[in-house]
Amino acid sequence: MNSSLHATEMKKIRVSHYPNAYNIEGFCLGHTDFVTRLSLVSGYEAILISGGGDGTLRLWNYRNGNQLQVVQCSEFFKNTREGDSKESCQTVHCMKTATLNGFTCIAVALDNLPKILFFKLNDVNGIIQSEFIHEIQTTVALWDMQFDDLGRLWVLLPDKSRPLVCFYLDNDRFTEYFSVKAADASIIESVTANWDLLKPSLAAESPYAMLRKVKVDNITDYFKRKEDRIQKKKAAETKACVLSKEVEKDVEAASICKQSSSQTQSSNEPELKKLRLQNNTEK
């Protein structure tokens, strides 16, 4: 059966029929963040290795979607650089596999961290698991890496003085070449000579930031807006109460003035009558 494997930013790996990729055969579900790397393992049927933004290395039987193992790679990177966020340091940036000395080797590097982890696959009674071998430290966080046909690991670094470093396997441990053959030296010299082509990448931001979902605290925002509405309502009620009291005072004052005016007019009524009689008599 021919299959096509697709990594998505939706935390899942889609297994489709090839070449009709619209016919979906199933999914490999388990990653808690976007998937960045997929690799089939030579010599193992239906075995898939994946890495993602959750900092995990996962082994799958992609035929049935079963997850065989989870390795939390970020646990191997206890010391992060100052200024690096936790999210930027837990994304599987590079993952390469190769068959070396009769076993399958997996090289893993996380984004923004100057270290490479090495694992090997073991098949014990049909149970396939990865086993941590060792780690190597690089001068800076790598750009990329690749195994060649001789089983050597070439690492591309954002370092003009040493842009390309080569490692070889020696007693199940990778060791850096301190002297290389003329052909290999020409490769390193070629990269150094064309450094200006790589230089713009030094200022490039991590490509994984845009894949992370923005976490929005809707609950806090909801309660804040609710509190604002309550405060506005209270302010309006207080203002209405103050206006009501002022109106009552104005009405009471007007009533007192009217009453006072009526009393004054009543007290002056006899005098007015007397004046009217006097005027009539004089006439």
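That block above? That's the structure.
Keep in mind the model is a prediction, meaning the values are calculated, not measured. (Residues numbered from 1 in each chain as written. Predicted model: local features only at pLDDT ≥ 70, side-chain atom pairs only at ≥ 80, totals over all residues. Heavy atoms only, no water.)

Visitor: Explain the sheet that holds strand S1 (residues 3-7) to me, using residue names and the numbers behind them.
Guide: The strand order across the open sheet built from three strands is S1-S2-S3, with neighbouring strands paired in antiparallel fashion. Among the strands making up the open sheet, the edge pair consists of S1 and strand S3 (24-29). Put simply, the sheet's adjacent strands are angled 20° from each other on average, direction ignored. Sheet topology places S1 next to strand S2 (residues 12-17); five bridges connect them, and they run antiparallel. Looking at the pairing, Ala-7 lines up with Ile-13 of S2. (Pairing = 2+ DSSP bridges. Helix = DSSP H or I, 4+ residues; strand = E, 2+ residues; numbered from the N terminus. Axes fitted to C-alpha atoms, helices over the stretch in contact; angles between N-to-C directions.)

Visitor: I'd love a proper account of the packing of aromatic side chains, names of residues and values included.
Guide: Both the distance between ring centres and the angle between the ring planes are used here to describe each pair of aromatic rings. Taken as a whole and judged by the stated rule, the model has seven aromatic pairs. Seen in terms of ring centroids, Trp-143 and Trp-195 are 5.9 Å apart; in terms of plane orientation they differ by 25°. Their pairing is stacked. Of this pair, Trp-143 sits in the loop between strand S11 (127-137) and strand S12 (144-147) while Trp-195 sits in helix H2 (residues 195-198), and the two are 52 residues apart along the sequence. Between Tyr-168 and Tyr-177 the ring centres are 4.6 Å apart and the planes differ by 40°, which places this aromatic pair in the tilted class. On the basis of relative accessibility, which here comes to 26%, the residue Tyr-168 falls in the partly exposed class. Grouped by ring-pair contacts, the aromatic residues Phe-118, Phe-147 and Phe-174 constitute a single cluster. The residue whose ring lies beneath Lys-120 is Phe-103, and the NZ or CZ to ring-centre distance is 5.7 Å. (Phe/Tyr/Trp six-rings, centres within 6.5 Å; stacked < 30°, edge-to-face > 60°. Buried < 20%, exposed > 50% of the residue type's maximum accessible area, 1.4 Å probe, protein only. Lys NZ or Arg CZ within 6 Å of the ring centre and 35° of its normal.)

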